[in-house]
Amino acid sequence: MTLKVENITYYYSNPEDYLFKDVNESFEKGKVYSILGQSGSGKTTFLSILAGLDKPKAGTLSFDGQAIKSSNLTSYRKKTVSTVFQAYNLLTYMSAYDNVKTAVKISAVKFDDEKATIVEALAKVGLSEDLIYKPVSKLSGGQQQRVAIARALVLNHDIIIADEPTGNLDEETTNQIVDLFKKIAHEDNKIVIIVTHESEVAAASDIVFTLKHRKFEREN
Ligand SMILES: Nc1ncnc2c1ncn2[C@@H]1O[C@H](COP(=O)(O)OP(=O)(O)OP(=O)(O)O)[C@@H](O)[C@H]1O
Ligand SMILES: [Mg+2]
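Cut-offs applied
- Residues numbered from 1 in each chain as written.
- Chains lettered and ligands numbered in written order.
- Predicted model: local features only at pLDDT ≥ 70, side-chain atom pairs only at ≥ 80, totals over all residues.
- Near = placed C-beta within 6 Å.
- Helix = DSSP H or I, 4+ residues; strand = E, 2+ residues; numbered from the N terminus.
- Axes fitted to C-alpha atoms, helices over the stretch in contact; angles between N-to-C directions.
- Parallel < 35°, antiparallel > 145°, perpendicular 65-115°, else oblique.
- Left-handed = near helix turned anticlockwise from the far one by under 90°.
- Contact = placed C-beta atoms within 7 Å.
- Nonpolar A, V, L, I, M, F, W, Y, C, P; charged D, E, K, R; others polar.
- Pairing = 2+ DSSP bridges.
- Buried ≥ 20, exposed ≤ 12 C-beta atoms within 10 Å, placed from the backbone.

Engineer: Teacher, can you tell me more about the site of ligand 1 here?
Structural biologist: With respect to spatial proximity, the complete set of residues near ligand 1 consists of Tyr12, Leu19, Gly37, Ser39, Gly40, Ser41, Gly42, Lys43, Thr44 and Thr45. With 3 residues, helix H1 (residues 43-50) is the single largest residue contributor to the shell around ligand 1.

Engineer: What's the story with the packing of helix H3 (residues 96-107) against helix H4 (residues 114-124) in this structure? I'm lost.
Structural biologist: Helices that pack against each other are described as a pair by the angle of their axes relative to one another and the distance between those axes. At a minimum axis distance of 10 Å, the contact between H3 and H4 shows a crossing angle of 120°. By the angle between their directions, the pair H3 and H4 is classed as oblique. The element H3 and its partner H4 pack so that their crossing is right-handed. Of H4, the residues touching H3 (which contributes Ala96, Tyr97, Val100, Lys101 and Val104) are Glu114, Ile118, Ala121 and Leu122. Taken together, the residues that form the contact of H3 with H4 break down as 7 nonpolar, no polar and 2 charged.

Engineer: Explanation requested: the sheet that holds strand S3 (residues 31-37) in the structure shown.
Structural biologist: Two strands in a sheet stick together by hydrogen bonds in their backbones, pointing the same way (parallel) or opposite ways (antiparallel). Spatial ordering of the open sheet is given by S6-S7-S8-S3-S9-S10, a layout of 6 strands whose pairing is mixed. Of all strands in the sheet, those with a lone pairing partner are strand S6 (81-84) and strand S10 (215-218), marking the two edges. Pairwise comparison of adjacent strand axes, ignoring direction, gives a mean angle of 20° for this sheet. For S3 and strand S9 (residues 207-212), the ladder comprises 5 bridges, and the chain directions are parallel. Its bridge partner being in S9, Tyr33 is matched across the sheet by Ile207. Lying over the sheet, helix H5 (residues 141-153) contacts S6 and strand S7 (159-163), oriented at roughly 175° with respect to S6.

Engineer: In this structure, what is going on with the sheet that holds strand S2 (residues 20-28)? I would like to understand it.
Structural biologist: Taken in spatial order, the 4 strands line up as S2-S1-S4-S5 in an open sheet, and their pairing is antiparallel. If you trace the sheet from one side to the other, it starts and ends with S2 and strand S5 (66-67), each paired once. Direction of pairing for strand S4 (residues 58-63) relative to S5: antiparallel, over a ladder of 2 bridges. Looking at S5, one finds that Ser62 is bridged to Ala67. Running at roughly 125° to strand S1 (residues 2-10), H1 makes contact with S1, S2 and S4 of the sheet.

Engineer: What is the right way to look at unusual backbone geometry in this model?
Structural biologist: Glycine aside, residues mostly have negative phi, and peptide bonds are mostly found in the trans state. With a phi close to 60°, Asn156 is a non-glycine residue in the positive phi region. On the basis of neighbour count, Asn156 is assigned to the partly exposed category, with 13 C-beta atoms found within 10 Å. Even without a glycine there, the phi angle at Glu164 is positive, about 50°. The residue Glu164 is located in the loop between S7 and helix H6 (171-188) in this model. A tally of 21 C-beta atoms within 10 Å means that Glu164 is categorised as buried.

Engineer: Got a minute to help me understand the pairing of S3 in this structure?
Structural biologist: On any regular strand, side chains alternate: one points to one face of the sheet, the next to the other face. For S3, the buried fraction is high: 6 of the 7 residues fall into the buried class. Both S3 and strand S8 (residues 191-195) contribute to a ladder of 5 bridges, which runs parallel. The residue of S8 that forms the bridge with Val32 is Val192.

Quick look at the structure:
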């Protein structure tokens, strides 16, 4: 299964001030992709297109050979892709458990044992049961980032997209989060796409792109 962009072009208002134009790339299952690029180059914008949250001005996005159009966009967003946002977007007054549970409720997916599924997703990112019932506001930055990742993983979607998932974390926590993304891609056979400004994160990925001079350049 492949996520493909074909001839994708995006600009916010003036077509001549495009962020990128005629981009063609493929993202395969089982691999971690990193996207590097200067602040303001359009990385988050590109991720929003991949996540089906914004429409390209031209070109198509397709998954598993099927173009994502208005008719199947909702299904793509609900069943195929999960996003970890730049600012974690957690409900901070709620516990880690309830944040993940809310995502499950919104998705309307039914699990045989919902509680066990949620606890398992949180355990997978390294959050033990003594932490998951506290308000998220009482967790550290790295722990909050793990909650955001658990929330993206719980529905077991094929594509995980993360915007600066290690932005504010120390080196050790960053390495743990990167290892976790690698495990998700390599062991669970997902497509993982990470935007980062850290070359160490990029170096640990399978494939690295840089958005530079309004073009995606493959680094390896
Ligand atoms: N909603 C919007 N309307 C108009 N312009 C926008 C909008 N969102 C972003 N931009 C502009 O588009 C450009 C790309 O923004 P984007 O957020 O994609 O960059 P980025 O590469 O993710 O940057 P950073 O590394 O700082 O997060 C920037 O110049 C930004 O000011
Ligand atoms: Mg950004």
